[in-house]
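Secondary and tertiary structure notes
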2 protein chains.
Amino acid sequence: MSTIKDVAKKARVAPSTVSYVLTNSKKITEETRQRVIRAVKELNYVPNGVARSMKSRNTYLIGLLLSDVAHHLSFAIAKGVDEVAFKANYNVIFCNTHNESERESQYIRLLEERQVQGIIVASRRTEELTHTYLKSRQIPIVYANRYEPGESVSCVLVDNEAGGYAATKHLVDLGHRKIGFISGPSGRSSSRDRQRGYEQALHEARIPVDRELIRLGEYSVESGYKAMQQLLELRPTAVFAANDNMAIGAVNCIVESGWRVPEDISVVGYDNSIQSTFVHPALTTVDVPLPQVGEVAARILLDEISGRSATPQSIRVKCNLIVRGSSGPVSQSKG
Amino acid sequence: MSTIKDVAKKARVAPSTVSYVLTNSKKITEETRQRVIRAVKELNYVPNGVARSMKSRNTYLIGLLLSDVAHHLSFAIAKGVDEVAFKANYNVIFCNTHNESERESQYIRLLEERQVQGIIVASRRTEELTHTYLKSRQIPIVYANRYEPGESVSCVLVDNEAGGYAATKHLVDLGHRKIGFISGPSGRSSSRDRQRGYEQALHEARIPVDRELIRLGEYSVESGYKAMQQLLELRPTAVFAANDNMAIGAVNCIVESGWRVPEDISVVGYDNSIQSTFVHPALTTVDVPLPQVGEVAARILLDEISGRSATPQSIRVKCNLIVRGSSGPVSQSKG
DNA sequence: ATGAAAGCGCTAACAA
DNA sequence: TTGTTAGCGCTTTCAT
């Protein structure tokens, strides 16, 4: 590996001159510039970024904390983060924490030693420590797709309330008035927000919120199935589930009970998961633009790194309703 | 940020002594060791990895080239790579090439400047240049889940032939003798190998390979459907598709034609994709252990980096047959 | 317009 | 056992 000195020698200039040429940081006569360029080519010289970082004190490196509980979600965020980082000449260090606090703190330590200039946390809640620690270390941090109570840190979230509203409004617009809701595990903000949107859409349509029509699920197909069994007794004409898997469970239950989707009961899910397109009928659902979450998070982080933005900001990315076969107008016989 | 000098001053020792303590690289009296440890704690000292890399000439960094054509595949590999890397104190730089050669070479350049100690390529074939370039740069490289002709480089592949064999053998064992095969796009080695396994299983069972029973698909649901339409005329009792999506298309076609799966026709897919569990009946399929591919690739790379292994090796990871509802014994009426 | 030299934070050979 | 010192490859101030 040749160094800047080798290039300098070959071009018969001082190392500093090579540096000036390579970074365009000073006026250099065209002739010497050419000599340097030629020497660089002949030696296949590639500058040593480690040495450069050492001097300049910035590494152009950011850390990305992910978990592997949901593969495709993590990758989608990572893709968005890398997209923005790459364009700004940053690179992303991939950290799969498994949602284990032990591992999370080990990664944090490694990242800190590496002098990363910022960290994006897209793993689920683990150590509260992490947050305060990074704050004390003055390392810029942005949470992606993770709600962080308190206003002292930037986070990029999905607008689940608007998504829940859109899903429910869609059903209302189709003439439904008796619309069930299957929630995720209690305490999950994603589900809570979707439910809030559901209730808001009902309010707007002057449909009273019936607590009986709201059932607790836990994001699994089975839990959706069970919740639907209970809901069926109340004869809703439509159901909105807080995620696709529960919606699929609901559809299974409806079909096995002898009803049709969407003719008898419409079903809407959430997530626009792969499986939502493979069931029959394909699910009407709400798409969560995770790459965009990653992009926005990276943009905020880079702004904080460069000092362009000092105050933490909280951004919500819009979700899009995807209408497919599982939702339709309320049937006349029941309307 | 405090430096090693600050710690040295506070502990009233020389910087080198601090270094010795921190790296356990020399005998130090317990007393001074404690003084150093205490100073480190009080100052919240974290060593600067950039400076350390500068001296030691190793960065403990590897690059991972991925593409986003199939999210979950890429993430699965990345997870495996990171698992092994993390345990060896390495970190992984995430590079999403989009399978664009332009971007790939930009990443290569960035990684080279960063002095990464090795690169794992899990993106699809793009620039032939990349390979020869990295070779010339003496940067260790391992291909993951990507076939690389020539023996001059390590690669970790999935044993698709054994997988295809297992899938077909499973059908043979169930009594089937007229087994169709739906291939992927011609030229894709993954499909070719699966087909080879299919043919081998037939040979072993002394079932002649009937070219009519082999149909060209292109890995999409629709192509599986179309291929099945043609196959149906030949009345096979079972079909093995080179991936799950085509298998799902085949099932759709079979059911719409009035036959039942698996009672009339058994179907086996490949990939163990999410959707394979969401169709009815759930697909019998072949699981591709991509995290393991990533792990093995990382292990080989680290071996090459440390000089433990010099000769390129080619490893094939075993796939596992997952038996679900879409395959069953050949029906008596037809047998 | 170019060169000389200091120094980023650390490690390691050598000295004491 | 501990300290002194040189130097990794680069950038940048200051001098020429």
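Structure's up top.
A brief report on the enclosed structure follows. Every value quoted in this text rests on a predicted model; they were computed, and no experiment measured them.

1. Topic: the overall build of chain A
A count of helical and extended segments in chain A gives twelve helices and twelve strands. The C-alpha radius of gyration of chain A comes to 27 Å, more than 25% above the 20 Å expected for a compact globule of 335 residues. A principal-axis box enclosing the C-alpha atoms of chain A has dimensions of 90 × 40 × 30 Å. Among the 335 residues that make up chain A, the fraction classed as buried is 55%. Long-range pairs, those at least 24 residues apart, make up 70% of the contacts in chain A between residues at least 6 apart in sequence. Surface accessibility of chain A: about 15000 Å² in total, with carbon and sulfur atoms responsible for 49%. When the 42 basic and 36 acidic side-chain charges of chain A are each reduced to a single mean position, those positions are 9 Å apart.

2. A short note on the protein's contact with DNA strand C
For DNA strand C, the set of nearby residues contains 28 residues, the closest of which are Thr29 and Lys55 of chain A together with Ile4, Tyr20 and Tyr45 of chain B. Here the atoms of DNA strand C within 4 Å of the protein split so that 59% fall in sugar or phosphate, with bases taking the remainder. Take Tyr20 of chain A: an N or O atom from its side chain is 3.1 Å from a base oxygen of DNA strand C. Those elements that provide at least two residues to the surface near DNA strand C are helix H2 (15-23) and helix H4 (49-56) of chain A together with helix H2 (15-23) and helix H4 (49-56) of chain B.

3. Some words on the relation of the copies chain B and chain A
With an RMSD of 0.2 Å, the operation that places chain B on chain A is a rotation of 180° combined with a shift of 0.1 Å along the axis. One copy is carried onto the other by what is essentially a two-fold rotation axis.

4. A short note on the side chain of Arg137 of chain B
For Arg137 of chain B, the position within the fold is in the loop between helix H7 (128-136) and strand S4 (141-144). Judged by relative accessible area, Arg137 of chain B falls into the buried class, the value being 10%.

5. Structural notes on the sheet that holds strand S6 (residues 179-183) of chain B
Residue and element names in this part refer to chain B. As summarised here, the arrangement of the four strands in space is S7-S6-S8-S9, forming an open sheet in which the pairing is parallel. Two strands lie at the open edges of the sheet, namely strand S7 (214-216) and strand S9 (266-268), each paired on one side alone. Pairs of neighbouring strands in the sheet enclose a mean axial angle of 20°, with direction left out of account. Direction of pairing for S6 relative to strand S8 (residues 238-241): parallel, over a ladder of four bridges. When the bridges of S8 are listed, Phe181 appears paired with Phe240. Of the strands in this sheet, S6, S7 and S8 touch helix H10 (residues 221-232), which is tilted by about 150° from S6.

6. Notes on the interface of chain B and chain A
Facing 57 residues of chain B, the contacting portion of chain A comprises 57 residues. Both faces considered, chain B and chain A share a buried interface measuring about 5100 Å² in area, 61% of it formed by carbon and sulfur atoms. There are eight salt bridges connecting chain B and chain A. Close ionic contact of Glu113 of chain A with Arg52 of chain B constitutes a salt bridge, the shortest N to O distance being 3.9 Å. The tally of links between chain B and chain A comes to 22 residue pairs in polar contact (both at pLDDT 80 or more). Secondary structure elements with two or more residues in the side of chain B that touches chain A: H4, strand S1 (61-66), helix H5 (71-87), strand S2 (91-96), helix H6 (101-113) and helix H11 (244-256) of chain B. Here the side of chain B that touches chain A takes ten residues from H5 of chain B, the largest share from any one element.

7. Re the side chain of Ser123 of chain A
Residue and element names in this part refer to chain A. For Ser123, the location among the structural elements is in the loop between strand S3 (118-121) and helix H7 (128-136). Of the residues examined, Ser123 reaches a relative accessible area of 0% and is grouped as buried. Apart from residues no more than four positions distant in its own chain, Ser123 is found in contact with Leu65, Leu66, Ser67, Thr97, Asn99, Glu104 and Arg146.

8. Focus: the protein's contact with DNA strand D
Around DNA strand D, a shell composed of 28 residues is seen, among which Ile4, Tyr20 and Tyr45 of chain A together with Thr29 and Lys55 of chain B lie nearest. Restricting the count to atoms of DNA strand D within 4 Å of the protein gives a sugar and phosphate share of 56%. Thr32 of chain B has a polar side-chain atom sitting 2.9 Å from a phosphate oxygen of DNA strand D. Separating a phosphate oxygen of DNA strand D from a side-chain N or O atom of Arg57 of chain B is a distance of 2.7 Å. Counting residues per element, the ones that place at least two in the surface near DNA strand D are H2 and H4 of chain A together with H2 and H4 of chain B. Residues of the surface near DNA strand D, tallied by class, amount to eleven nonpolar, nine polar and eight charged.

9. As for the pairing of strand S4 (residues 141-144) of chain A
As a general feature of sheets, a regular strand has side chains that alternate between the two faces. All names here are of chain A. Residue alternation in S4 divides its side chains into two sets, Ile141 and Tyr143 and Val142 and Ala144, and both sets are buried. Pairing analysis gives three bridges linking S4 to strand S5 (residues 154-158), with the strands arranged parallel. In the strand pairing of S5, Val142 is matched with Ser154.

10. Examining the packing of aromatic side chains
Using the criterion set out here, one finds 13 aromatic pairs over all chains in the structure. Measuring from centroid to centroid gives 6.3 Å for Phe240 of chain A and Tyr270 of chain A, while their planes differ by 40°, and the two rings are tilted. Highlighted residues: Phe240 of chain A in strand S8 (residues 238-241) and Tyr270 of chain A in the loop between strand S9 (266-268) and strand S10 (285-287), separated in sequence by 30 residues. Summarising the aromatic geometry, the rings of Phe181 of chain B and Tyr198 of chain B are spaced 5.1 Å apart at their centres and angled 25° between planes, so their arrangement reads as stacked. Placement of the pair is Phe181 of chain B in strand S6 and Tyr198 of chain B in helix H9 (residues 189-204), with a sequence separation of 17 residues. Taken individually, Phe181 of chain B and Tyr198 of chain B each receive the classification buried, so the pair is uniform in this respect. Grouping aromatic residues by their ring pairs yields a cluster made of Phe75 and Phe94 of chain A together with Phe75 and Phe94 of chain B. Above the face of the Tyr270 of chain A ring, Arg194 of chain A is positioned so that its terminal group lies 3.8 Å from the ring centre.

Calculation rules
Residues numbered from 1 in each chain as written. Chains lettered and ligands numbered in written order. Predicted model: local features only at pLDDT ≥ 70, side-chain atom pairs only at ≥ 80, totals over all residues. Heavy atoms only, no water. Helix = DSSP H or I, 4+ residues; strand = E, 2+ residues; numbered from the N terminus. Rg over C-alpha atoms; globule rule 2.2 N^0.38 Å. Buried < 20%, exposed > 50% of the residue type's maximum accessible area, 1.4 Å probe, protein only. Contact = heavy atoms within 4.5 Å. Areas by Shrake-Rupley, 256 points an atom, 1.4 Å probe, with all protein chains shown as cover. Lys, Arg positive; Asp, Glu negative; His and termini not counted. Charge placed at Lys NZ, Arg CZ, Asp CG, Glu CD. Near = heavy atom within 4 Å. Polar contact = N/O pair within 3.5 Å; in protein donor to acceptor, adjacent residues only side chain to side chain. Least-squares fit on C-alpha atoms with pLDDT ≥ 70 in both. Pairing = 2+ DSSP bridges. Axes fitted to C-alpha atoms, helices over the stretch in contact; angles between N-to-C directions. Buried area = accessible area lost by both parts, 1.4 Å probe. Salt bridge = Lys/Arg side-chain N within 4 Å of Asp/Glu carboxyl O. Nonpolar A, V, L, I, M, F, W, Y, C, P; charged D, E, K, R; others polar. Phe/Tyr/Trp six-rings, centres within 6.5 Å; stacked < 30°, edge-to-face > 60°. Lys NZ or Arg CZ within 6 Å of the ring centre and 35° of its normal.

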